[in-house]
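Here's the letter readout for the chains.
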Amino acid sequence: MHPSRVLILIGAGVAVASLAFDAVQSSTATSWSMLAADAWPGVVLIAVIALFAVVGHLSEGFTPAGSVISITLVSAAALLLVAKYIDAARAIDTLRLGGHDASVGPGMWVLGTGIAVTIVGSLWSTSRRLA
């Protein structure tokens, strides 16, 4: 299997795992999960790329069109993550104004890691051959 496909699958697995974590943590108020923070559309985009990674000739990278599509989808997922991070920061500010202790949860960082690994895999997929 081409290493880019392995990286994409690892990145997708990490992105899916991020949904189990909190986007906003608070010790004095209700924490917000990644699902409640609507981070799942980014995970869906990564999952589509993972589907690309399991079809086709597995010992090669993507076709040029497939590489462009995967890079575009993972870039859109990264932009969605930035938007969700901004939403989380605003929620934290609101909680702090209310006298609560709050911080960005690990879900944002786990999703960011999954996206970063998928970006590397998508860029590596432009190399068609192993040798």
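Considerations on the packing of aromatic side chains
Argument step 1. Evaluated as defined, the whole model comprises 2 aromatic pairs.
Argument step 2. Plain terms: the ring middles of Phe-52 and Phe-62 are 6.5 Å apart, the flat faces sit at 85° to each other, and that makes the pair edge-to-face. Taken together, the residues span a long stretch of sequence, with Phe-52 in helix 2 (residues 40-53) and Phe-62 in the loop between helix 2 and helix 3 (64-97) at a distance of 10 residues.
Argument step 3. A relative accessible area of 28% places Phe-52 in the partly exposed class.

Some words on the side chain of Ser-125
Argument step 1. Among the structural elements, Ser-125 can be located in the segment after helix 4 (106-124).
Argument step 2. Relative accessible area serves as the criterion here: at 0%, Ser-125 is assigned to the buried category.
Argument step 3. Setting aside chain neighbours within four positions, we find Ser-125 in contact with Ser-4, Gly-61, Phe-62, Ser-67 and Ser-70.

Quick notes on the nonpolar core
Argument step 1. Counting residues in each nonpolar core, the largest one holds 28 residues, and the members touching the most others are Val-24, Met-34, Ile-46, Met-108, Leu-111 and Ile-115.
Argument step 2. Taken together, the elements giving at least two residues each to this core come down to helix 1 (3-18), strand 1 (22-26), helix 2, helix 3, strand 3 (102-104) and helix 4.
Argument step 3. Top contributing element to this core by residue count: helix 3, with 8 residues.
Argument step 4. Residue contacts for Met-108: discarding those within four places in its chain leaves Asp-22, Ala-23, Met-34, Leu-81, Lys-84, Tyr-85 and Ala-88.

Quick look at the packing of helix 3 against helix 4
For any two helices packed against each other, the geometry is given by the interaxial angle and the distance between the axes.
Argument step 1. It is at 9 Å that the axes of helix 3 and helix 4 come closest, and there the two elements cross at 160°. Classified by the interaxial angle, the pair formed by helix 3 and helix 4 is roughly antiparallel. In this structure, the crossing between helix 3 and helix 4 has a hand that is left-handed. Taking contact as the criterion, the partners of Ser-70, Ile-71, Val-74, Ala-77, Ala-78, Leu-81, Lys-84, Tyr-85 and Ala-88 in helix 3 are, on helix 4, Met-108, Trp-109, Leu-111, Gly-112, Ile-115, Thr-118, Ile-119, Ser-122 and Leu-123.
Argument step 2. Tallied by class, residues from the contact of helix 3 with helix 4 come to 13 nonpolar, 4 polar and 1 charged.

Definitions and cut-offs
- Chains are numbered independently. Their residues run from 1 in the order of the written sequence.
- Totals for whole chains, interfaces and linings use every residue, but because this is a predicted model, local features are given only for residues with pLDDT of at least 70 and side-chain atom pairs only at 80 or more, for both listing and counting.
- Values reported for side chains reflect all heavy atoms of the structure, with hydrogen atoms and water molecules removed beforehand.
- Each Phe, Tyr or Trp ring (for Trp, its six-membered ring) is paired with any other whose centre lies within 6.5 Å, and the angle between the two planes then decides the class: stacked below 30 degrees, edge-to-face above 60, tilted in between.
- To qualify as a helix, a DSSP run of H or I must reach at least 4 residues; to qualify as a strand, a run of E must reach at least 2; elements of each kind are numbered from the N terminus.
- Under the scheme applied here, a residue whose accessible area is under 20% of the maximum for its type counts as buried, over 50% as exposed, and between as partly exposed, the area being computed with a 1.4 Å probe on protein chains only.
- Contact definition: two residues touch when any of their heavy atoms are within 4.5 Å.
- To qualify as a nonpolar core, a set must consist of buried Ala, Val, Leu, Ile, Met, Phe, Trp, Tyr and Cys residues joined through side-chain atoms within 4.5 Å.
- Note on method: axes are straight lines fitted to C-alpha atoms, helices fitted across the in-contact stretch only, with angles between N-to-C directions ranging 0 to 180 degrees.
- Any angle that falls under 35 degrees is termed roughly parallel, while one over 145 is termed roughly antiparallel, one within 65 to 115 roughly perpendicular, and all others oblique.
- Two helices that cross are described as forming a left-handed crossing if the nearer one is turned anticlockwise from the farther one by less than a right angle, and a right-handed crossing if clockwise.
- Ten residues, namely Ala, Val, Leu, Ile, Met, Phe, Trp, Tyr, Cys and Pro, are considered nonpolar, four, namely Asp, Glu, Lys and Arg, are considered charged, and the remaining ones, Gly among them, are considered polar.

Treat this as a map of the structure, not an account of what it does.
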